[in-house]
Amino acid sequence: MNIRSKIILITIPLIITPLIITLIVAILSARNGITVVATGFLTFKTEVLTNYMDNQWNLLADNDLEKDEKFISISKAAVESFAKTLIGSDSERIFAINKLGEITLKTGEIILEDNDINRLLKKIETRETGWQNLTINGKGIIADTSFFSPFGWYILVSVDRKAFYGEITNIILRTLLIFVISLILAVIL
């Protein structure tokens, strides 16, 4: 083996190893950073909606109307209308179901299959709230979930999984492209 081959066998791994480590760190950092921002945004929407529902309920309670179905229906309609203002894209949905598995609030078209309803009812039984990675009607969603006891609602503030991780995929592809170009240049040099 000549000296040139030995140098190549030594320098190529020395060049490739830091590139691979940089690639992995960049991908993980991008995924983590975007996930933190996106989850924070959905949590914020859940908190805003919950505060609005609390205000609606307190308004009923302060006026001794919390048992009057007519005014409860008006409050629920107001909550649904307000929830629609929180939607920022076609990939977002806010919906709620009750303990009977009925959709009681929705900001857009939502179809729940029987197995979807059964999974959600189990979450209601176990009082499971917070971040959920779910499949609804065969589509993956990321949702921040909470309960609103006065209305008996299990609320899901959700976004399609593909949209949630879409920018991460773009960053990964750009990072891979930079990695491949760097690797080619390193081998050529």
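All chains use their own residue numbering, which begins from 1 and follows the written sequence. Selection of residues for local features in this predicted model requires a pLDDT of at least 70, selection of side-chain atom pairs for listing and counting requires 80 or more, and totals for whole chains, interfaces and linings are taken over all residues. Side-chain metrics in this entry use all non-hydrogen atoms of the structure; hydrogen atoms and water are not considered.

A. Seen up close, the overall build of the chain. The number of helices and strands found in the chain is five helices and five strands. The way it works is that DSSP assigns letters per residue, a run of H or I at least four long becomes a helix, a run of E at least two long becomes a strand, and they are numbered from the N terminus. Seen in sequence order, the chain has helices and strands lined up from the N terminus as α-α-β-β-α-β-β-β-α-α. In summary, the chain has a C-alpha radius of gyration of 25 Å against a globular reference of 16 Å for 189 residues, an excess of more than 25%. Expressed as lengths along the three principal axes of its C-alpha atoms, the size of the chain is roughly 90 × 30 × 25 Å. Looking at the chain as a whole, 33% of its 189 residues qualify as buried. At a minimum sequence separation of 6, the contacts of the chain that also span at least 24 residues come to 52%. Here the chain displays about 11500 Å² of accessible surface, and carbon together with sulfur accounts for 61% of that area. In the chain, which carries 19 positive and 20 negative side-chain charges, the distance between the mean positions of the two groups comes to 12 Å. For this measure, only C-alpha atoms enter the radius of gyration; the expected value for a globule follows 2.2 Å times N^0.38, where N is the number of residues. Note on exposure labels: buried denotes an accessible area under 20% of the residue type's maximum, exposed denotes more than 50%, and partly exposed covers the range between, all computed with a 1.4 Å probe on protein chains only. Any two residues having at least one pair of non-hydrogen atoms within 4.5 Å are treated as being in contact. Here, Shrake-Rupley sampling with a 1.4 Å probe gives the accessible areas, and only protein chains in the shown set may cover a residue. The charge count includes Lys and Arg as positive and Asp and Glu as negative, but it does not include His or the ends of the chains. Where a charge lies is defined by one atom per residue type, namely NZ (Lys), CZ (Arg), CG (Asp) and CD (Glu).

B. Structural detail: the side chain of Q56. Turning to its location among the elements, Q56 is positioned in helix α1 (residues 3-62). The residues contacting Q56, other than those within four sequence positions of it, are S75, A78 and V79.

C. Up close: α1. Expected span of a helix: the number of residues minus one, times 1.5 Å. Spanning 60 residues, α1 covers 88 Å between terminal C-alpha atoms, matching the ideal 88 Å at 1.5 Å per step. D64 lies just past α1 and shows a positive phi near 55°.

D. Focus on the sheet that holds strand β3 (residues 130-136). Within the open sheet, the five strands sit side by side as β2-β1-β5-β4-β3. Their pairing is antiparallel. Pairing within the sheet leaves two strands with one partner each, and these edge strands are β2 (103-106) and β3. For this sheet, the mean inter-axis angle between neighbouring strands, taken without regard to orientation, is 30°. Pairing geometry for strand β4 (residues 139-148) and strand β5 (residues 153-160), over eight bridges, is antiparallel. Looking at the pairing, T145 lines up with L156 of β5. Note on geometry: axes are C-alpha line fits, over the in-contact stretch for helices, and angles between N-to-C directions span 0 to 180 degrees. Across the sheet, helix α3 (residues 114-125) is in contact with β1 (92-97), β3, β4 and β5; its angle to β3 comes to roughly 160°. Two strands qualify as a pair provided DSSP detects at least 2 bridges between them.

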